[in-house]
Amino acid sequence: MARPSYKLILSCTVLISASAIAGCSSSSSSKGPSAGTTSTGQSAAGGTQGKTLFFVPGVIGNAFYLSMECSIREEAKQFGFEIKLQGPSKFDTSLQIPVLNAVVAQNPAGLIIAPDDSKALFGPISNAAKAGAKVALVDTTLADTSPAITSIATDNVQGGAAAADSLATLIGSKGKVMVLAFQPGAATSDDRQKGFEQKIKTYPNIVYVGPQITNNDPAKAASAVSATLAAHPDLAGIYATNDRSAEGAATGLRNAGKVGTVKMVAFDAGPEQVQQLQQGLVQTLIAQQPRQIGADAVDAIAAALAGKPVQKAVTTKTITITKDNLSQPDVQTALYKLSC
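Residues numbered from 1 in each chain as written. Predicted model: local features only at pLDDT ≥ 70, side-chain atom pairs only at ≥ 80, totals over all residues. Heavy atoms only, no water.

Novice: Describe the sheet that holds strand β13 (residues 313-316), naming the residues involved and giving the relevant values.
Specialist: Spatially, β4-β3-β5-β6-β7-β13 is the arrangement adopted by the six strands of the open sheet, whose pairing is parallel. Strands at the two margins of the open sheet, each flanked by one partner only, are β4 (82-85) and β13. Adjacent strand axes in the sheet meet at a mean angle of 15 degrees when their direction is disregarded. Along the sheet, helix α10 (residues 290-305) contacts β3 (52-56), β5 (110-113), β6 (134-138), β7 (150-154) and β13; its crossing angle with β6, the most-contacted strand, is approximately 160 degrees. (Pairing = 2+ DSSP bridges. Helix = DSSP H or I, 4+ residues; strand = E, 2+ residues; numbered from the N terminus. Axes fitted to C-alpha atoms, helices over the stretch in contact; angles between N-to-C directions. Contact = heavy atoms within 4.5 Å.)

Novice: Would you mind going over the nonpolar core in detail, with residue names and values included?
Specialist: Counting 58 residues, the largest nonpolar core has Phe-81, Ile-112, Leu-180, Ile-238 and Ile-321 as its most contacted members. Residue contributions to this core peak at seven residues, all from α10. (Core = buried A, V, L, I, M, F, W, Y, C linked by side-chain atoms within 4.5 Å. Buried < 20%, exposed > 50% of the residue type's maximum accessible area, 1.4 Å probe, protein only.)

Novice: Quick rundown of the packing of helix α2 (residues 63-76) against α10? Include the residues and the values.
Specialist: For the pair α2 and α10, interaxial distance at closest approach is 7 Å and the crossing angle is 40 degrees. With respect to each other, α2 and α10 are oriented oblique. For the pair α2 and α10, the sense of crossing is right-handed. Where α2 approaches α10, its residues Phe-64, Ser-67, Met-68, Ser-71, Ile-72, Glu-75 and Ala-76 are matched on the opposing element by Pro-290, Arg-291, Ile-293, Gly-294, Ala-295, Val-298 and Asp-299. Of the residues contributing to the contact of α2 with α10, the split by class is eight nonpolar, three polar and three charged. (Parallel < 35°, antiparallel > 145°, perpendicular 65-115°, else oblique. Left-handed = near helix turned anticlockwise from the far one by under 90°. Nonpolar A, V, L, I, M, F, W, Y, C, P; charged D, E, K, R; others polar.)

Novice: Describe the state of the cysteines, naming the residues involved and giving the relevant values.
Specialist: Considering all chains together, one arrives at one disulfide under this definition. The side chain of Cys-70 participates in a disulfide bridge whose partner is Cys-340; the two sulfur atoms lie 2.0 Å from each other. Around the S-S axis, the bridge from Cys-70 to Cys-340 shows a dihedral of about -100 degrees and counts as left-handed. Of this pair, Cys-70 sits in helix α2 while Cys-340 is found in the segment after α11 (329-334), placing the two residues 270 residues apart along the sequence. (Disulfide = S-S within 2.5 Å.)

Novice: How would you sum up the pattern of salt bridges? Please name residues and give values.
Specialist: Overall, the coordinates contain six salt bridges when judged by the stated rule. For the salt bridge of Lys-77 with Glu-74, the shortest nitrogen-to-oxygen distance reads 3.0 Å. Among the residues examined, Lys-77 registers a relative accessible area of 32% and is labelled partly exposed. One salt bridge in this structure joins Lys-317 and Asp-155, with 3.4 Å as the shortest N-O distance. Residue Lys-317 is located in the loop between β13 and β14 (319-321), and its partner Asp-155 is located in the loop between β7 and α5 (156-170); the two are separated by 162 residues in the primary sequence. (Salt bridge = Lys/Arg side-chain N within 4 Å of Asp/Glu carboxyl O.)

Novice: Explain the sheet that holds β14 residue by residue, including any values.
Specialist: An order of β9-β8-β10-β11-β12-β14 is seen for the six strands of this open sheet, with the pairing classed as mixed. Edge positions in the open sheet fall to β9 (206-213) and β14, since each of these has one partner strand only. Here the strands of the sheet are splayed against their neighbours by 20 degrees on average, with no regard to which way each runs. Examined bridge by bridge, strand β12 (residues 284-287) and β14 share three bridges and lie antiparallel to one another. What sits directly across from Leu-285, in β14, is Ile-321. Along the sheet face, helix α8 (residues 243-256) touches β8 (175-181), β10 (235-240) and β11 (263-267) and points at about 160 degrees away from the line of β11.

Novice: Hey, could you go over the environment of Tyr-208 for me, with residue numbers and the actual values?
Specialist: When you line up the elements, Tyr-208 lands in strand β9. When its relative accessible area of 27% is taken as the criterion, Tyr-208 is described as partly exposed. When the C-alpha positions of Tyr-208 and Lys-176 are compared, they lie 5.8 Å apart, and in sequence the two are 32 residues distant. When near neighbours in sequence (up to four residues on either side) are disregarded, Tyr-208 contacts Val-177, Met-178, Val-179, Gln-193, Phe-196, Glu-197 and Ile-200. Looking at Tyr-208, its side chain comes within polar contact range of the side chain of Glu-197, at 2.6 Å. (Polar contact = N/O pair within 3.5 Å; in protein donor to acceptor, adjacent residues only side chain to side chain.)

So, in structure tokens, the structure goes:
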């Protein structure tokens, strides 16, 4: 997918640094000479040079968000932004809100955030916008996006539908299937479930036995799979809506001796998910494009600070990955990384 037209191109070499904050943060830095000018002659320092952007992911240490962070840092170089990272140790609204409040107190010029809840984070994010921060929502979003200049995310409904088609193919379009939803109230989880449920209805010989909530906890996902297999020993397929749910589902299948018998499709494509694919624990991965999302967020904030128009909503497509296409160059590019 092409970048939005609001990208502001600066012909310069710039300073970028990041500082570790609180107990759940990471940093890296590189330095270069001061920024030059845009093609219109406007000084980069006048709009973005030396200004601080905070990235608040849904959770620290996740391969998806680490891949996004790498892209944010790389894209920020041309604008002279100082990038700081702070996030919760778990995908938990009660943990993310105080992190965000601490970030807002530092008066950043911009905020890139993946809200852990579509409603509970509205107030704190609104406070950030009122304090003057240009807010870009990434990955997850809000029910009311008015505080943000843009919302950039995977088309999760489309991704859920792709998962339904993949799982249907794997089980011969017949049998019982379940969903492991990782966090009710999180837009990504809700939309991935919604897209799957809408599409799976179009397969008349597939019986949907319903969703189970994992709260992003592999142990809960394993228990949910075990309980569902006890109730439905003829279960044919599982759709895990994120990496942690897939991790737990794999454990549940191993414990039940059902690996390979019960087919699984899972969102995300971090190193562990790729290993699961190679081992046959999961048969299909639905990969997102975190690098594009991160770069687009930086571009949007730079444009907003320069008084340029910003696209209010941007969606990216998913990539379906199987053992058969794993070695293809475009698929390799889509895999998430644990370091830049």
